[in-house]
Amino acid sequence: MTAFVILDIEVTDPVNYEGYKQLAAPTVAQYGGTYVVRGGHAENLEGDWEPKRIVVLQFESVERAKAWINSPEYSEARALRQKYSISKAIVVEGA
């Protein structure tokens, strides 16, 4: 079943965060993922959620999404994301 990784990212160092973006994209592709949303304008429609930078990735399964985020290939990029931003991430099964 299709799965989506949804990240809400508050970039704290935009200059160095660019390095994360360059490293992350090839690893997403390597694990069969695709970008559905990549930092476009987000607008709150209900509740008190004020998202910063939203990224949505699509994978073939929850297992594949978890394999990507915990992979050795993504580890350097993940460390940069964690260093230069405050982020939240979830994985959710698609319909």
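Every residue gets a number counted from 1 within its own chain, in the order that chain's sequence is written. Note on the predicted model: pLDDT of at least 70 is required for a residue's local features to be given, and 80 or more for side-chain atom pairs to be given and counted; whole-chain, interface and lining totals, by contrast, use all residues. With hydrogens and water excluded, all non-hydrogen atoms of the structure serve as input to the side-chain values.

**Q** I'm lost on the environment of I9 in this one. Help?
**A** Secondary structure is summarised from DSSP: a helix means a run of H or I of at least four residues, a strand means a run of E of at least two, and numbering begins at the N terminus for each. Among the secondary structure elements, I9 is positioned in strand β1 (residues 3-11). Residues I9 and G39, spaced 30 residues apart in sequence, show a C-alpha to C-alpha distance of 8.9 Å. Contact between two residues is taken to exist if any of their heavy atoms lie within 4.5 Å; hydrogens are not considered. In contact with I9, other than residues within four places in its own chain, are Y17, K52, R53, V55, R81, S85, I86 and S87.

**Q** Would you mind going over the nonpolar core with me for this structure?
**A** In summary, soluble globular proteins display a tendency toward joint burial of nonpolar side chains. Remark: nonpolar core denotes a set of buried residues (Ala, Val, Leu, Ile, Met, Phe, Trp, Tyr, Cys) joined through side-chain atoms within 4.5 Å. Relative accessibility decides the category of a residue: with a 1.4 Å probe and only protein chains considered, values under 20% of the type maximum give buried, values over 50% give exposed, and everything between is partly exposed. By size, the foremost hydrophobic cluster in this structure holds 17 residues, and its most contacted members are V5, L7, Y20, L57, F59, W68 and Y74. Contributing elements (two or more residues each) for this core: β1, α1 (14-30), β3 (53-59), α2 (62-69) and α3 (72-84). With four residues, α1 is the single largest residue contributor to this core. Setting aside anything within four residues of it in sequence, one finds Y20 in contact with Y74, A77, R78, L80 and R81.

**Q** In this structure, what is going on with the packing of α1 against α3? I would like to understand it.
**A** The description of two packed helices rests on the angle between their axes and on the distance between the axes. Put simply, α1 and α3 touch, their axes get as near as 8 Å, and they point 145° apart. Viewed along their axes, α1 and α3 form a crossing whose handedness is left-handed. Contact residues: α1 offers N16, Y17, G19, Y20, L23, A24, T27 and Q30, while α3 offers E73, Y74, E76, A77, R78, L80, R81 and Y84. Of the residues contributing to the contact of α1 with α3, the split by class is eight nonpolar, four polar and four charged. For every element, the axis is a line fit to its C-alpha atoms; helices are fit only across the contacting stretch, and the angle between N-to-C directions ranges from 0 to 180 degrees. By convention, the crossing between two helices is left-handed when the near helix turns anticlockwise from the far helix through less than a right angle, and right-handed when the turn is clockwise. Nonpolar residues are Ala, Val, Leu, Ile, Met, Phe, Trp, Tyr, Cys and Pro. Charged residues are Asp, Glu, Lys and Arg, and all others, Gly as well, are polar.

**Q** Teacher, can you tell me more about α1 here?
**A** Owing to its 3.6 residues per turn, the α-helix brings residues three or four apart onto one side. How far a helix is expected to stretch is found by multiplying one less than its residue total by 1.5 Å. Taking 1.5 Å of rise per residue, the 17 residues of α1 would be expected to cover 24 Å, and the 25 Å separating its terminal C-alpha atoms lies within 8% of that figure. Packed against the buried residues of α1 are β1, β2 (34-38), β3, α2, α3 and β4 (85-93). Just downstream of α1, G32 is the residue with a positive phi angle, here 80°.

**Q** Quick question: what am I supposed to make of the packing of aromatic side chains here?
**A** The geometry of two aromatic rings is summed up by the distance between their centres and the angle between their planes. Pairing of aromatic side chains requires ring centres within 6.5 Å, counting the rings of Phe and Tyr and the six-membered ring of Trp. Pairs whose planes differ by under 30 degrees are stacked, by over 60 edge-to-face, and all others tilted. As enumerated under the stated definition, the model contains four aromatic pairs in all. An aromatic cluster of three or more residues is present, and its members are Y17, Y20, F59, W68 and Y74.

**Q** Can you walk me through α3 in this structure?
**A** With 13 residues, α3 should reach 18 Å at 1.5 Å per residue; the first-to-last C-alpha distance of 19 Å fits that figure. Looking at α3, one finds that the buried residues are Y74, A77, R81 and Y84.

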